[in-house]
Amino acid sequence: MPVDVGLVHVGERIRKNDMHVELGGPSVEKKFELVKVRKPGEIRDGAITVVGPDLSAMEEGGKFPLGILVEIAGPQLEEDIEGVIERRIHEYTNYVEGFMHLNQRYDIWVRVSKKAYAKGLTSLTHVGKVLIDLLKNELPIIEKIQVTFFTDKEAISARYAEAMASYEARDARARGLTDDDVDVFYGCALCQSFAPSHVCVITPQRYANCGAISWFDGRAAARIDPKGPIFPISKGECVDPVKGEYTGINESARKRSLGTVSRIFLYSAFACPHTSCGCFEGIAFYIPEVEGFGIVMRGYGDVTVNGLPFSTMADSTAGGRQVDGFHGISLEYLRSPRFLAADGGYARVVWMPAELKEQMRAFIPTDLFSRIATEKDVQTVSELRDFLSGKSHPVTERWKAEELVPAEETNGAVQVFSGGDFPVMAGGFKIIFKNAKITADRVIIEPIRPKKPGEGA
Ligand code: SF4
């Protein structure tokens, strides 16, 4: 290997100015990574193939499509392990110095650094070698493995449908099961290298934040790799069936986060929400002005109705924290009957990108579908308010209830904004307010301009 390989490189970020090339990512429409179990005769063990131009043939600074297909065989391998092994692609490729892998499935985003390229990381076959060695080493039930990288657009298009069909088949399998049907949930600590206090709790009705691991995947992973990052969590007592609070989950969270997180509500974005690492597929964000939630997915390139793009809200949400009203979610969780159930579910959703809303049509209650605004209906929060009033959206009932509360009872406090850990710079010190709730009569924001010569203090 021309570059170093090890856990120490996980979490390495490659900025635009430092990248040699980018593969996948927001500017590429079709990209995927997929693991498939095959018959032994269908696999040339150890083979690594690049279909399309390799790194050495790519122009510096360019953006290229990417597909990663890992095919495995072994007598103990079953289809239900594919999703779990697929998630290891993210982990193991990030071990490679100067190779950054983000996200999962149809959303992968890779960058190779200039430094690593100069050191000799000029072929994807190096990355394929790392994948093969680590997967075989960590999961001895893999007897044969071959890896194919696609960088040719046509070749990716030909495989894309198989990848999307595989993801859908995995997700659909878990849809019939409810949280009440099982005694054990699963936890995943794979993202602790990025977000040390984060553990995903994977239940039949709350898919992992990254959208890559279902309850079935969790069960299979814990079985084949009992010392691995995915582990069983006994439910224990159900403290609150609406919020989804269980003693077993709380105990596990306390232990795995070393005391940072002690309570988790599975189905709420408030008070003790599930933590958010950085791999979430989307964000449910609270819009206090209308008392409802907006939903935005990672691929949405525009600003949302609150004026913020996905990337800005992702910074406020990620890091393994529990941030009131900013909630990392998977696409599959949007299909769950328990989606934000404690907060009102879809009756509390007020804005979604049009494409996502259409994608979720079958899962949004029919009477609510036309009452949820998209970017085609409104651009600002005040337009959103008018839209919701006009459609008699259920959240408007909350406005009426609030109007009935006399002003002195609210003590003049109109809104609460919570930003988790909220840093303030003052006099050379950084002051961090942890879970502080602050109310103010007025907030004045003024630009700081350098003083002109002769201006007083
Ligand atoms: S997002 Fe959750 S389930 Fe997915 S890899 Fe990270 S910790 Fe595991």
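- Looking at an unreviewed UniProt entry, one finds the protein named Acetyl-CoA decarbonylase/synthase complex subunit beta and attributed to Methanoregula boonei.
- Taken verbatim from the UniProt record of the protein, the Sequence similarities (unreviewed entry) comment is "Belongs to the CdhC family."

## What about unusual backbone geometry?
Next up, step 1: At Leu340, a residue that is not glycine, the phi angle is positive and equals roughly 45°.
Next up, step 2: In this fold, Leu340 is placed in the loop between strand E16 (326-329) and strand E17 (349-351).
Next up, step 3: Note on Leu340: 24 C-beta atoms within 10 Å, which makes it buried.
Next up, step 4: Phi is positive for Ser392, which is not a glycine, with a value near 50°.
Next up, step 5: Inspection of the secondary structure assignment puts Ser392 in the loop between helix H10 (381-390) and helix H11 (395-404).
Next up, step 6: When the 10 C-beta atoms within 10 Å are taken as the criterion, Ser392 is described as exposed.

## A word on the sheet that holds strand E7 (residues 109-113)
Next up, step 1: Strand order in the open sheet formed by four strands is E4-E1-E7-E6, and the pairing between neighbours is mixed. Unpaired on one side and paired on the other, strand E4 (63-64) and strand E6 (99-102) mark the two borders of the sheet.
Next up, step 2: Of the pairings in the sheet, the one linking E6 to E7 comprises four bridges and is antiparallel in character. Looking at E7, one finds that Leu102 is bridged to Trp109.

What counts and how
Residues numbered from 1 in each chain as written. Predicted model: local features only at pLDDT ≥ 70, side-chain atom pairs only at ≥ 80, totals over all residues. UniProt positions renumbered as here; feature names shortened; annotations may be inferred. Helix = DSSP H or I, 4+ residues; strand = E, 2+ residues; numbered from the N terminus. Buried ≥ 20, exposed ≤ 12 C-beta atoms within 10 Å, placed from the backbone. Pairing = 2+ DSSP bridges.

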